[in-house]
Structure formats: C-alpha cells, structure tokens
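# Inside the fold
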Amino acid sequence: MSLTNTEFDIIFAGGTFFPSPLGLVGGAAACCTAGRLAAADPSLKILIVEAGPHTQEDPQHVQPARFLSHFTPDSKTVKYVVSNPSEHLGGRITVAPAGQCLGGGSSVNFTVYNRAAASDYDDWETEYNNPGWGAKDLLPLLKKTETYQIDPEGETHGASGPLKVSYGGHFPNVAKDFLEVAATYDKERKLTEDPNDLYNSNAYGRWPKWIDEKTGRRSDTPHHFIYNQVDNKNLRVLTGSFVKRVIIKDGRAVGVEYVPNPQLHPDASPEPLAAYASKLVVVCGGSFGSPLILERSGIGAAEILKKFGVEQVVDLPGVGERYQDHQHLVALCRTSEDADTLDYVMRGIPEEIEKWDTQWKKDGTGFLAINGLDAGIKLRPTESELKTIGPAFLSRWRQYYADAPDKSVMWLACVAFCMDAIATAPMGKYYGIGYCLNHPESMGRVHITSGEDATVLPNWDSGFLEHESDMELHMYAYKRCRELARRMPCFRGEYRNYHPDFALDSPAAVNEDTVPVAMDAPDIVYTNEDNKAIREWVRKLVATTWHSLGTCAMMPREQGGVVDSRLNVYGVEGLKVADLSIAPYNVGANTYSTALVIAEKAAVLIGEELGITGV
Ligand SMILES: Cc1cc2nc3c(=O)[nH]c(=O)nc-3n(C[C@H](O)[C@H](O)[C@H](O)COP(=O)(O)OP(=O)(O)OC[C@H]3O[C@@H](n4cnc5c(N)ncnc54)[C@H](O)[C@@H]3O)c2cc1C
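Source: prediction; values computed, not measured.

## Examining the site of the ligand
Close contacts around the ligand come from 39 residues, with Glu50, Gly105, Val112, Val243 and Thr591 the closest. A distance of 3.1 Å separates an oxygen atom of the ligand from a polar atom in the backbone of threonine 111. Here a nitrogen atom of the ligand and a backbone polar atom of valine 243 are 2.7 Å apart. Contact with the protein chains covers 94% of the free accessible surface of the ligand, which is 1,000 Å². When contributions to the shell around the ligand are tallied by element, the ones reaching two or more residues are helix H1 (28–40), strand S5 (95–99), strand S11 (241–249), helix H7 (286–296) and helix H15 (592–610). Here the shell around the ligand gets 4 residues from one element, more than from any other, and that element is H7. For the shell around the ligand, a count of residues per class yields 18 nonpolar, 18 polar and 3 charged.

See below:
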C-alpha cells in the first residue's frame, strides 16, 4: 500500500503506520499514544505502521487464555528473536518471542497485571535525571489508563480508564491451595488485598489481570484505543509493513520508509515506499524494534553503522545497549485430575476450547477468562534468608535494595498450567511455582545485522547470568518455589525435566510420584553437589520473561542516553521514541503497565508540544 501522496501529522513506526503529521509504529505503547491524540484532536492525521497483522475481534487475541496459541513455529503474530550463544548459559542460545501484530505485546501477552515499585520510577527521575518521571507524576497517568474493577475506590488505582483490571472469570483451586500454604508455611510474610499499590511489597495475594470481569475480554491497546475510533478517517493503520528507516532531512525527521512483511505479503515488491509526516515521527517498535529502526536511520554507534554501510547521522553509542529483561524459571509439578489447570485449554484440545468458549460467550467467565497466574508475591528476602543467598547478591542487596523497602527482588507466582513445557510434557495436569528476577544486574545489547533489510533478525546478546548476583538469586528462588510447591494439597510429584538433576541418593532428589509433605516438614538441605545441580539447571533453562526494555534509554546523552526526558532523540528534530525501550532502568514488575504509562506520558508531551488540549 503506497501512502506516498498522503502527508500525515504524526507517524508511529512500530505498531501501525499512517500517512500523517504524526506517525507511529503500532505496538502496545503506539496504540495508546496514537489513540489518545486522535481522540483529543480528531483532525490530526495519524498513521501507525505495524509489521504484523490486525487483531480485531480475533478470539486468539480477545480471549485471554489463548496466549500460548501464538507460539507456533510459523506464528504470524509473534516474532522469535534469537540470541547469540552465551558461555553464561553453557553455550546455548535463548529465544525471546515478541508480539508482532497490532497492539504488539498487549495483544499476545499473558495479561498479568503487575505494577512497578514507586521507587523504580523515582530512580528514573533522580538517578537518570528525568524530571517529571517520578512516581508522584506517573501515578495519575497509571490511574488514567485503568478501571480497577477489584476496588475502584482504591487510592492508587483508576476508576474510569479504558483498560479493565480484574481477577478474571474464575479462581482456580490450585491458586487457593497456594495461598493457604503461603499463609501457613511462610510465617515471615503476610497476605495482602492489594499487591500492586506501588508502595508495599513482600506480601502474598490474589493476582489481578488485564481482563474485563464483565466481558472476560483482554484489555489490549488496539481494541481500547484504536478500533473504537474506526469512524475517524484521519487515524490510519498500515499493517504488514516493516519500517525500514526514518527519513531525516536537514537534521529533521520527515517520514519513514517501509517495506512489506514477506510473511504476510509474499508476492509484494520488496522495494521501499515512503510516508511523510509534517510534525513528528514517533518510533514505537519496542525494545527489539526501536533501536534497529534508529540504527538503520543512521542513529547509533559509528562502528556498528559503518560495518553495515549505514551513513551516520547522529553519533549515539547508547542505541541498542542496556538491554534488560526479567529472567524466569518455573519448578513444575504434577497435580490431581480435580485440580483447575489450564493445560487442556493451552494444548488447544477442541472439546475444551468449545466448552469454555460457550461459557465465555455466555457471561465472560470460565477458563478462557483467566490466565492461570492467580496468586503470587513480590518477594524480599528476610534477614536470615539474606545470609544464605551468597556474597555477590548480598553486595547487590546493600547497594540497591536495602534502602528501598518497596522494591522486591522477584515476582514469585503459582502457575496453573505446564508453563514452558506444554509442547514437550506428557499429557496431564501440571502446576508450577515460577518466578522472575525483578532487577537482574546483568544487561545485554541488540543491534542491526543489516543496514538494508528490516526483516532480518538482530544481533542480540541477552546478557543473562553475566553477573553472579543473578545466579545466586536464582538458586535461592528455586529453593523457595520448591518448598511452597511440595506442600500444596494438589501436589502429586515433581516433573523431573523441570527440576535440577540431583543425585538419586541425595536428600534433595526429585520426587516424581508422591503426595504433599507435611506443612511443618523441615526444608530440604542442599549439599554442594546439589547446589551445582541447581546452578546447571538455571544455566540450562533460564529464559526471558518477555519483558525487554532499556535499549533506547532516556538518560543524559553523555551517559549513553538515546532520548531526553521529553522522549526526543538526541541530535534529530521531530523524532521521538515512545515505548518500553526508553526505560532507563528496570522495574520490579511485568512490564505492560510501564509500557502504558510511558505511552500516556508520551501522549501528554506530544499534546503539549502540538498545542492539543484534553489529551
Ligand atoms: C509473550 C509475552 C507475554 C507477556 N506477558 C506479560 C504479562 O502477562 N504482563 C505484563 O505486564 N507484560 C507482559 N508482557 C510484556 C508486555 O506486553 C510488553 O512489555 C509491552 O507490550 C511492551 O510494549 P511496547 O510498546 O514497548 O512494545 P511492543 O508491544 O512489543 O510493540 C512493538 C511493536 O512494534 C512492531 N515493530 C517492531 N519493529 C517494527 C518495524 N521495523 N516496523 C513496523 N513495526 C515494527 C512490533 O511488531 C510490535 O507490534 C509480555 C510480552 C510478551 C511478548
């Protein structure tokens, strides 16, 4: 589709693309920012350019529990980003699936509602010099996005935003078991009604979801910010198109070049087309997409651009650096047939889908209206636990966590399906206690492998486990998960492939076919050999939590920053980045909420600059 003769006000690159004064790409953040601006000023010509397909009213996007259906080898809605082999992972690669469809991650994610600690955002303001990005400034925007159906009067939650947050349409008995065990076994920690108030941590609770309790639908960004404005002909979305580069003339971004996605348009000419924006180009390709768009546009480190024949426009060596994620693992167990798990739905068994689809259509409840992540904790180690974790983590704790009681070191949760192993585990019902590290010390990097081809995979080093402090925390986390899991009434043994390879005669040996241990049973004592086995297990299985951020960091330019605190790319006029890639440092939570608050803030900043009121 050629948009060459249409001029937009804004183009959003990475999401959907419109010929407009403003242009954007159409991921989670892009749809929110574009939708807010379009609603405030319907005369604004906006184009969103998105690499993947539309998602409108597709059950695989709208019904929350369908998220694993996107993970097929030939997926058209998820892009598999493959890392370089790493010595820290025993020489193996890791793969990060990233949403590639209108709405990006918001259209395929697991719908876990998890909010950062207030001090995470305060650090953005004070440590990275970004006025206006602290918790007190962002809280009103966090509230603006959501309707917190669980407690609309809650002080830190929103009551009338477009995205609904609830517990979903069912409370699985597996999650109830988990909370009962937590309350009885873990004497050091309490239960909470609201694990997401920004200011408190270290208490177990029922876990909310980005799901509307009235309809059972996913709270994604395209349906709530874009598809609900179909009558606005000035808001245009171009799907199936990769933004190749931003067109920069005399130091100003004036448009984008885009090429068809060959997976969706195999017969289209690969020649680039152009769309022009008179006011602004906003890059929103996510943490994997945005740095690559910038590098192909000549914005990045000299040696990388030179290697791939891209003429440098701005020297910004920070582009593509500071890749961060939340590394996760799950200790899987078998469970009884009467346990509520999503295994059969996740495996796509037709009778199960049909049964729950009927229920979902009737009243928005049932297994399609949940995500199987129904209880958990943002956990901080106790003083006595801290003594056992290890010297590298202890040093990290003292430097980063000790004085910030709202920060948790990991999110630990009960998973009511065979997460990570659904494709390989024998048929049956499973649950797991899983966790992700909230602020791993390790960082990676992502860069182009071609100056011309926007469809090829990048050069990605995940950075996972490059710091010993992360490994020590993983080992502690596994032990916590295991103690909780084996006490749960629904426990019927550990699934060997998702536990370390302990010696068979070790007291830590995997118990495959058994019943729960007593609540007051002593914790397992691990030998040096057992600890080595856990270390190997972590290396073998640690994986992305799909929470990539930080690759176009909002920091001072001299410290490696890519955008300033108004999201302007250093050295180019009329060019912003507005997605999770601008996060200067990690947040202790699943990242959709943070992507949304960045998008809301971007809309406000753009509104101010273009004189649009009511954003
Ligand atoms: C499988 C999965 C599960 C997740 N689960 C959760 C969860 O349960 N809870 C939670 O809080 N968070 C979750 N997340 C994370 C969350 O969805 C992301 O943090 C969020 O979507 C990031 O938003 P973004 O706008 O920065 O990027 P994205 O949402 O990734 O959007 C980027 C968009 O840009 C497009 N794009 C990239 N390059 C180009 C290009 N060159 N041209 C055109 N388009 C391009 C992509 O196709 C994509 O649509 C999950 C993510 C994934 C992938």
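More follows now that the structure is in view.
## Observations regarding the sheet that holds strand S18 (residues 410–415)
Judged by pairing direction, the sheet is mixed, and its 7 strands sit side by side in the order S8-S9-S17-S18-S19-S16-S22 without closing on themselves. Two strands in the sheet have a free side with no partner beyond their single neighbour: strand S8 (190–191) and strand S22 (491–494). The pairing of strand S16 (residues 328–335) with S22 spans 2 bridges and is antiparallel. Looking at S22, one finds that threonine 335 is bridged to phenylalanine 491. This element, helix H13 (residues 468–485), spans strand S9 (203–206), S16, strand S17 (373–379), S18, strand S19 (430–437) and S22 of the sheet and lies at about 150 degrees to S19.

## Here's the deal with the nonpolar core
One finds Phe178, Met410, Leu412, Tyr431, Ile433 and Met488 to be the most contacted residues of the largest nonpolar core, which totals 106 residues. In terms of residue count, H13 provides more of this core than any other element does, 9 residues in total. Lining this core are residues from two domains, each supplying at least three of them: domain 1 (7–112 + 222–324 + 548–610) and domain 2 (169–208 + 327–437 + 466–541). Leaving out residues up to four positions away in the same chain, leucine 412 has contacts with Phe178, Gly376, Ile377, Leu379, Ile433, Gly434, Tyr435, Arg480, Cys481 and Leu484. Among the nonpolar cores identified, the runner-up in size contains 86 residues, and Leu37, Trp124, Val243 and Val246 belong to it.

## Focus: the UniProt feature "binding site: FAD" (unreviewed entry) in the protein
The residues that UniProt annotates with the feature "binding site: FAD" (unreviewed entry) are Asn109, Phe110, Thr111, Val112, Val243, Trp546 and His547. In terms of the greatest pairwise C-alpha distance, the residues named above, spread along 439 residues, do not form a single cluster, extending to 29.4 Å across. Assignment of secondary structure puts asparagine 109 in the loop between S5 and helix H3 (118–126). Once residues lying within four places of it in the same chain are set aside, the contact partners of asparagine 109 are Phe67, Arg218 and Tyr592. Inspection of the secondary structure assignment puts phenylalanine 110 in the loop between S5 and H3. Residue classification places phenylalanine 110 among the buried positions, given a relative accessible area of 10%. Ignoring any residue separated from it by four or fewer positions in sequence, one finds phenylalanine 110 in contact with Phe67, Leu68, Phe71, Asn371, Leu373, Met419 and Trp546.

## Remarks on the packing of aromatic side chains
Tallied over the full model, the rule gives 26 aromatic pairs. Residues phenylalanine 393 and tryptophan 397 carry aromatic rings whose centres are separated by 6.3 Å and whose planes lie at 50 degrees to one another, so their mutual orientation is tilted. One end of the pair, phenylalanine 393, and the other, tryptophan 397, are both in helix H12 (residues 391–401), 4 residues apart, so they sit about a helical turn from each other. For the residue pair phenylalanine 393 and tryptophan 397, the accessibility class agrees, reading buried in each case. Consider the rings of tyrosine 430 and tyrosine 495, whose centres lie 5.4 Å apart with planes at 65 degrees: the pair is edge-to-face.

## Let's talk about the pattern of salt bridges
For the coordinates displayed, the defined rule picks out 31 salt bridges. A salt bridge links glutamate 600 to arginine 36; the nearest nitrogen and oxygen atoms lie 2.8 Å apart. Of this pair, glutamate 600 sits in helix H15 while arginine 36 sits in helix H1, placing them 564 residues apart in sequence. Neither glutamate 600 nor arginine 36 differs from the other in exposure class; each is buried. Note that glutamate 600 is salt-bridged to lysine 144, the shortest N-O span being 3.9 Å. You can see glutamate 600 sitting in helix H15 and its partner lysine 144 sitting in helix H4 (residues 135–145), a full 456 residues away along the chain. According to the relative accessible area criterion, lysine 144 is partly exposed, its value standing at 24%. Connected through salt bridges with shared partners, the residues Asp186, Arg189, Glu385 and Arg480 form a single ionic network.

## Looking at the state of the cysteines
Where two cysteines share a covalent bond between their sulfur atoms, that bond is called a disulfide. On inspection of all chains with the given rule, the structure shows 0 disulfides. Cysteine cysteine 552 shares no disulfide, and the gap to the nearest cysteine sulfur, in cysteine 284, comes to 11 Å.

## Topic: the UniProt feature "domain: Glucose-methanol-choline oxidoreductase N-terminal" (unreviewed entry) in the protein
Within this structure's numbering, the places UniProt gives as "domain: Glucose-methanol-choline oxidoreductase N-terminal" (unreviewed entry) are residues 286–300. Across residues 286–300 one finds 73% helix and 13% strand; the C-alpha atoms that close the span lie 17 Å apart.

## A word on the pairing of strand S12 (residues 252–260)
Consecutive side chains of a regular strand alternate in pointing toward one face of the sheet and then the other. In terms of burial, S12 is largely enclosed, as 8 of its 9 residues are buried. Pairing geometry for S11 and S12, over 8 bridges, is antiparallel. Note on S12: the bridge partner recorded for phenylalanine 242 is valine 259. Hairpin connection between S11 and S12: a loop of 2 residues separates the two successive antiparallel strands, and aspartate 250 in this loop has a positive phi of roughly 50 degrees. Across 4 bridges, S12 lies against strand S13 (residues 273–283) in antiparallel orientation. The partner of valine 256 across the bridge, within S13, is alanine 275.

## Brief notes about the packing of H4 against H15
One can describe the packing of H4 onto H15 by two numbers: an axis separation of 9 Å at closest approach and a directional angle of 105 degrees. Put simply, H4 runs roughly perpendicular to H15. From H4, Leu138, Leu141, Leu142, Lys144 and Thr145 reach across to H15, where they touch Ser593, Leu596, Val597, Glu600, Lys601 and Val604. Across the contact of H4 with H15, the residue classes tally to 6 nonpolar, 2 polar and 3 charged.

## Some remarks on helix H14 (residues 528–541)
With 14 residues, H14 extends 20 Å between its outermost C-alpha atoms, agreeing within 8% with the 20 Å of an ideal straight helix rising 1.5 Å per residue. Every buried residue belonging to H14 is among Asp530, Asn531, Ala533, Ile534, Trp537, Val538 and Leu541, and all of these are buried. Down the axis of H14, the smallest arc covering the buried residues is 155 degrees, so these residues share one side. In H14, the exposed residues that point more than 90 degrees away from the buried face are Asn528, Glu529, Lys532 and Lys540. In this fold, the buried residues of H14 make contact with S16 and H13.

Calculation notes
Residues numbered from 1 in each chain as written. Predicted model: local features only at pLDDT ≥ 70, side-chain atom pairs only at ≥ 80, totals over all residues. Heavy atoms only, no water. Near = heavy atom within 4 Å. Polar contact = N/O pair within 3.5 Å; in protein donor to acceptor, adjacent residues only side chain to side chain. Areas by Shrake-Rupley, 256 points an atom, 1.4 Å probe, with all protein chains shown as cover. Helix = DSSP H or I, 4+ residues; strand = E, 2+ residues; numbered from the N terminus. Nonpolar A, V, L, I, M, F, W, Y, C, P; charged D, E, K, R; others polar. Pairing = 2+ DSSP bridges. Contact = heavy atoms within 4.5 Å. Axes fitted to C-alpha atoms, helices over the stretch in contact; angles between N-to-C directions. Core = buried A, V, L, I, M, F, W, Y, C linked by side-chain atoms within 4.5 Å. Buried < 20%, exposed > 50% of the residue type's maximum accessible area, 1.4 Å probe, protein only. Domains from an automatic or database assignment. UniProt positions renumbered as here; feature names shortened; annotations may be inferred. Phe/Tyr/Trp six-rings, centres within 6.5 Å; stacked < 30°, edge-to-face > 60°. Salt bridge = Lys/Arg side-chain N within 4 Å of Asp/Glu carboxyl O. Disulfide = S-S within 2.5 Å. Parallel < 35°, antiparallel > 145°, perpendicular 65-115°, else oblique. Expected span 1.5 Å × (residues − 1). Arc of directions from axis to C-beta.

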